[in-house]
Amino acid sequence: MLIDFFYHLRAHKLPVSVQEYLTLVDALRQDLMAPTLDEFYFLARATLVKDESLYDRFDKAFGAYYKGSEAALPAGKEIPLDWLIKQFEKSL
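Residues numbered from 1 in each chain as written. Predicted model: local features only at pLDDT ≥ 70, side-chain atom pairs only at ≥ 80, totals over all residues. Heavy atoms only, no water.

Peer 1: What am I meant to see in the packing of helix α1 (residues 2–11) against helix α4 (residues 55–65) here?
Peer 2: In contact at an axis separation of 10 Å, α1 and α4 are set at 135 degrees when each is read in the N-to-C sense. Here α1 lies oblique to α4, going by the angle between them. Crossing geometry of α1 relative to α4 is assigned as right-handed. When α1 is examined against α4, the residues Asp4, Phe5, His8 and Leu9 are found in contact with a partner set consisting of Phe58, Ala61, Phe62, Ala64 and Tyr65. (Axes fitted to C-alpha atoms, helices over the stretch in contact; angles between N-to-C directions. Helix = DSSP H or I, 4+ residues; strand = E, 2+ residues; numbered from the N terminus. Parallel < 35°, antiparallel > 145°, perpendicular 65-115°, else oblique. Left-handed = near helix turned anticlockwise from the far one by under 90°. Contact = heavy atoms within 4.5 Å.)

Peer 1: Looking at this structure, I do not really get the packing of aromatic side chains. What am I missing?
Peer 2: Using the criterion set out here, one finds 15 aromatic pairs in the structure. Relative to Phe42, the ring of Tyr41 has its centre 4.9 Å away and its plane inclined at 70 degrees; by these criteria the two rings are edge-to-face. Relative to Phe62, the ring of Phe58 has its centre 5.8 Å away and its plane inclined at 35 degrees; by these criteria the two rings are tilted. With Phe58 and Phe62 both in helix α4 and four residues apart, this pair spans about one turn of that helix. Side by side, Phe58 and Phe62 carry an identical accessibility label, which is buried. Each residue in the set Phe5, Phe40, Tyr41, Phe42, Phe58, Phe62, Tyr65 and Tyr66 is aromatic and connected to the rest through ring pairs, giving one cluster. (Phe/Tyr/Trp six-rings, centres within 6.5 Å; stacked < 30°, edge-to-face > 60°. Buried < 20%, exposed > 50% of the residue type's maximum accessible area, 1.4 Å probe, protein only.)

Peer 1: What am I meant to see in the side chain of Glu20 here?
Peer 2: Counting through the fold element by element, Glu20 comes out in helix α2 (residues 18–29). Although buried, Glu20 forms no salt bridge, and the nearest oppositely charged side chain, Lys50, lies 4.8 Å from it. A polar contact of 2.9 Å, which involves the side chain of Glu20, links it to the backbone nitrogen of Ser17. Look past the residues within four positions of Glu20 in its chain and what remains in contact with it is Pro15, Thr47, Leu48 and Lys50. (Lys, Arg positive; Asp, Glu negative; His and termini not counted. Salt bridge = Lys/Arg side-chain N within 4 Å of Asp/Glu carboxyl O. Polar contact = N/O pair within 3.5 Å; in protein donor to acceptor, adjacent residues only side chain to side chain.)

Printed below as a string of structure tokens:
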């Protein structure tokens, strides 16, 4: 799941490195955010995008990748963090 997102960003011409990807994975393991799509967006942008001029490109790529996924979740429900971590670990 997360590795697909990484390659999706690269396909959208974002210079995302493996080190930045590993920083994101480590940040997810540290329980730094609430398990919501909005919080993941900000964490991913902070760890993966090093140049402010690329924020718009990141926004478009993020929106294209996660389009409709938040609508699939029940209103007011959060994704359990342990489930997210397990899903990310499967992708490693």
